[in-house]
Amino acid sequence: MSFDFDATVVGAGAVGLACGRTLARRGLSVLVLEAQPHIGQGVSSRNSEVIHAGLYYPTGSLKARFCVQGRRALYAFLDEHKVEHHKCGKLVVATDETEVSRIEGIFNQAVTNGVENLDHLTGAQARALEPALNAHAAILSPESGVFDSHGYMVALQGEIEDAGGSVVVSTPFERAEPLPEGGFRITAGGEGGAVLTTRFLVTAPGLEAQAVAARIDGYPADRIPTRHLGKGVYFRLTGPAPFDRLIYPPPIAGALGTHYRRDLGGQGVFGPDLAYVETEDYSVDPSKRDEFACYISRFWPGLDADRLTPDYAGIRPKLHGPDQAQPDFQLYGRDVHGLEGLAALFGIESPGLTSSLAIGEAVADLLND
């Protein structure tokens, strides 16, 4: 049977674009559909822009594998496309004796995950690198960094289009119907509304993953995981940035916790925290400043709280609630949902941005299988 496209991807965030790029590089004709007026306006635009080394994730998990593979591929991609980035390194800090065993556990997990060039630091060694830091001990991860996530997504779009593919914005996915001969008939709305056929379908729409899956005829409802919205807010620091490297305390339940980065413009940014919400609300409550200041002062005693200003918020597509274990990325193929030619992605939160190129390769392999 002849199709309008070999592969259609729903969602033009970092992961959807990375999937489209991989499929296009494998010689397929690719269409990427995006509901918003521009690429990367969802989860991909509201994060820390951190390149994670792969320290934290459970042995053998997709997060562990994709983060390390994706990070290595990401640095090469950014260099090739001249996308701004800075491999500044990260310090995971124990602020007192009680946290030492926790960062030791992170070190051991990172070694198991294949993270390179890690080092143990005493408090004095950590302060020699970052004099304003309160550290009883620390782990140094030189492979961690920050980058221009929007520039990255523009480069991904460019590769798709250079290979003959298309990225179409303001065109929300409405439904898909499996065809008797294989493939799908897709109805898309908005300004670029159309009905088209595709051999393969990839759903990577971030927060809308569950809603999109529910609009695919024949997709079993019991194979759509429950969505939880994890909101995190950020505060920006006025004046000089106190540290050159990323500074991370030990993780909190369900997330990596409020950390520090110096962004590519040279300003200090703290966040995100984590609060479960019912709706997509991106407001930042200024009254959270005192809570942030209390947390930050554990590793930066010299903080002047008056220098903290509300910045922005992000919402993560979590698959677990407040008191539940944090699950792995979910990449569902035919063995899960029973539909030939469909790859459905759920729960692609941190480290999804770092992992995106590796996720793209895995999705292409899944469809090929």
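Summary of the structure given here. (Residues numbered from 1 in each chain as written. Predicted model: local features only at pLDDT ≥ 70, side-chain atom pairs only at ≥ 80, totals over all residues. Heavy atoms only, no water.)

**A look at the pairing of strand 2 (residues 30-33)**
Piece 1. Here strand 2 shows no split at all, with Val 30 and Val 32 on one side and Leu 31 and Leu 33 on the other all buried.
Piece 2. In terms of strand pairing, strand 1 (residues 5-10) meets strand 2 through 4 bridges, oriented parallel. Paired with Val 10 across the bridge in strand 2 is Leu 33.
Piece 3. What joins strand 1 to strand 2 is helix 1 (residues 14-25), and the crossover it makes is right-handed. (Buried < 20%, exposed > 50% of the residue type's maximum accessible area, 1.4 Å probe, protein only. Helix = DSSP H or I, 4+ residues; strand = E, 2+ residues; numbered from the N terminus. Pairing = 2+ DSSP bridges. Right-handed = clockwise from strand over helix to strand, strands pointing away.)

**Description of the sheet that holds strand 8 (residues 145-147)**
Piece 1. The 3 strands lie next to each other as 3-8-4, forming an open sheet whose pairing is antiparallel. Two strands lie at the open edges of the sheet, namely strand 3 (50-51) and strand 4 (85-86), each paired on one side alone.
Piece 2. Relative to strand 8, strand 4 is paired through 2 bridges, and the arrangement is antiparallel. Bridge pairing in strand 8 links His 86 to Val 146.

**A few points about helix 7 (residues 289-296)**
Piece 1. For helix 7, the full list of buried residues reads Phe 292, Ala 293, Tyr 295 and Ile 296. What you see down the axis of helix 7 is that its buried residues fit within an arc of 165 degrees, all on one side. Helix 7 presents Asp 290 and Cys 294 as exposed residues on the side facing more than 90 degrees away from its buried surface.
Piece 2. Looking at the packing, one finds that the buried side of helix 7 touches strand 13 (228-237), strand 16 (268-271) and strand 18 (308-318). (Arc of directions from axis to C-beta. Contact = heavy atoms within 4.5 Å.)

**Concerning the pairing of strand 16**
Piece 1. Covered by surrounding structure in strand 16 are Gly 268 and Phe 270 together with Val 269 and Gly 271, the residues of both alternating faces.
Piece 2. Where strand 13 lies against strand 16, 2 bridges are found, and the strand directions are antiparallel. Each bridged residue has a counterpart across the sheet, and for Phe 235 the counterpart in strand 16 is Phe 270.
Piece 3. Sheet topology places strand 15 (residues 259-262) next to strand 16; 4 bridges connect them, and they run antiparallel. Of the residues in strand 16, the one forming a bridge with Tyr 260 is Phe 270.
Piece 4. In this structure, the hairpin formed by strand 15 and strand 16 is closed by a connection of 5 residues, where Gly 266 is found at a positive phi of approximately 90 degrees.

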